[in-house]
Amino acid sequence: MNLEFSDEELAFRETIRQWMKANVPDDLRRCTARGAMPGKEMQQRWERLLGKQGWLTVTWPEQYGGPGWTATQRYIFDLERASAGAPPTSPFGVAMVGPVLYTFGSAEQKDRWLPGIRSGEMLWCQGYSEPNAGSDLASLKTRAERHDDHYLVNGQKIWTTQAHWADMMFCLVRTDSTVKQQQGISFLLIDMKTSGIEVRPIYSIDGHHHLNEVYFTDVKVPVENLVGTEGMGWTIAKFLLTHERTTIAGVADTQNEINRLKAALAAMPDNYDKHQAARRVAALEIDLMALEYTNFRTVAATDEGKPFGPESSGLKIKGTELQQSVSQAMVELGELMSLPWDNEEPIGNEVFNRASRRYNFLRACTIYGGSNEIQKNVLAKMLLGL
Ligand SMILES: Cc1cc2nc3c(=O)[nH]c(=O)nc-3n(C[C@H](O)[C@H](O)[C@H](O)COP(=O)(O)OP(=O)(O)OC[C@H]3O[C@@H](n4cnc5c(N)ncnc54)[C@H](O)[C@@H]3O)c2cc1C
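Described in the following lines is the structure provided in the data block. Keep in mind that this is a model prediction, so the values were computed, not measured.

Here the focus is the site of the ligand. The environment of the ligand is made up of 17 residues, and the closest members are Ser129, Ser135, Trp159, Ser371 and Glu373. Note that a nitrogen atom of the ligand is positioned 2.8 Å from one of the backbone N or O atoms of Gln126. Between Asn377 and the ligand, the recorded distance is 3.1 Å, taken from a side-chain N or O atom to a nitrogen atom. Expressed as a share of its isolated accessible area of 970 Å², the protein-covered part of the ligand is 65%. Ranked by residues supplied to the shell around the ligand, first place goes to helix α13 (residues 372–383) with three residues. Taken together, the residues that form the shell around the ligand break down as eight nonpolar, eight polar and one charged.

Shown next as structure tokens:
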């Protein structure tokens, strides 16, 4: 594998760099520079802009509106996007349900749902986890009973990120309780405005509202919103989870975090121990480089038609561990500046002021997308045959 960019790739990088420079909105750039997360309006405004340019769904095949880029071009795009101060796109439409629809959906479903995802108009959330079905997802209990032309859905989902933003949910439901657990699960698309849906907020340890509980009471869902056939939900869920795990590696954004940390350290006064900090940052960058090559190799293989395999579990584990290590370094190297002060004005460097919030949020990254312990089980089973 050649890791040097060709002349054409360098020219492509320049095009993306210039576009980002001209188009990433200032308020968004300022938001990510502070280490904050954009709200719905800011995030969607950015995604619509990418959609207009045809760059929101860069991983999609051309026939469904992807730009036809190589893995290297997508990788360059991601690096440029992050270093221009733009956040990653919300994964639920673009990286999750989109690939499900163009792989398993009917022609009508593709026509109906793909355009809204491609343009950034339609926001999605993922209804998988339930209070007693997280790692053991196959034991989920939310029921969907068939009545003529619709299903009646009853039950509860939890930890549903952005359910309060979403227009639609892709949801795993139980359509048959008489067969083996995995065979009784189906994949339904649910309009979040349907009567009988209640979304309740869960505030997380970083003080933000990202998460929700979602309750369903006699929610009517048209049968044409079933993807695949009844009982096919588990196959679709597994397909989708490998996509989710690969995007969670977050190489470009971790590089951006390290860059922010380096800039903040460079601005520290002379009596600060910069040598010790530099050693720590160097160790993080070496780990990131190893992850970057592994990620790139995996993504490049998909260009040759190979499906994501157990590598996605390895990427998820290493990627999230590294995100946590970088956020921990940010807190520790910022010393007193990283304490969660409640001041209007920044104390010292603002990068450090927000570090503890991000550190707190990132405790969750080794849990979501399937916990890292479960990923280790997957690797042991698929690679070692244990
Ligand atoms: C910030 C955040 C966002 C999320 N967003 C979404 C979302 O949008 N949609 C959605 O559907 N879900 C979402 N989730 C839920 C997430 O997928 C689950 O939290 C995760 O799958 C773990 O399930 P659980 O919380 O029920 O923990 P449990 O499954 O109860 O696990 C508890 C602990 O036991 C360990 N464990 C469990 N089983 C095993 C085993 N067999 N071997 C070894 N260790 C084991 C786990 O690793 C974990 O440490 C989100 C979670 C978080 C924290």
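Resuming the write-up.
Here helix α3 (residues 40–53) is 14 residues long and its end C-alpha atoms lie 20 Å apart, about the 20 Å a rise of 1.5 Å per residue gives. Those residues of α3 lying buried are Gln43, Gln44, Trp46, Glu47, Leu50 and Gly51. The buried side chains of α3 occupy one side of the element, clustering within an arc of 160 degrees when seen end-on. Exposed and facing more than 90 degrees away from the buried side of α3 are Glu41 and Lys52. Where the residues of α3 are buried, they touch α1 (7–23), α2 (26–33), α4 (71–83) and α6 (107–119). Positive backbone phi, at 80 degrees, marks Gly54, one or two positions downstream of α3.

What counts, and where the lines are drawn
- Residues numbered from 1 in each chain as written.
- Predicted model: local features only at pLDDT ≥ 70, side-chain atom pairs only at ≥ 80, totals over all residues.
- Heavy atoms only, no water.
- Near = heavy atom within 4 Å.
- Polar contact = N/O pair within 3.5 Å; in protein donor to acceptor, adjacent residues only side chain to side chain.
- Areas by Shrake-Rupley, 256 points an atom, 1.4 Å probe, with all protein chains shown as cover.
- Helix = DSSP H or I, 4+ residues; strand = E, 2+ residues; numbered from the N terminus.
- Nonpolar A, V, L, I, M, F, W, Y, C, P; charged D, E, K, R; others polar.
- Expected span 1.5 Å × (residues − 1).
- Buried < 20%, exposed > 50% of the residue type's maximum accessible area, 1.4 Å probe, protein only.
- Arc of directions from axis to C-beta.
- Contact = heavy atoms within 4.5 Å.

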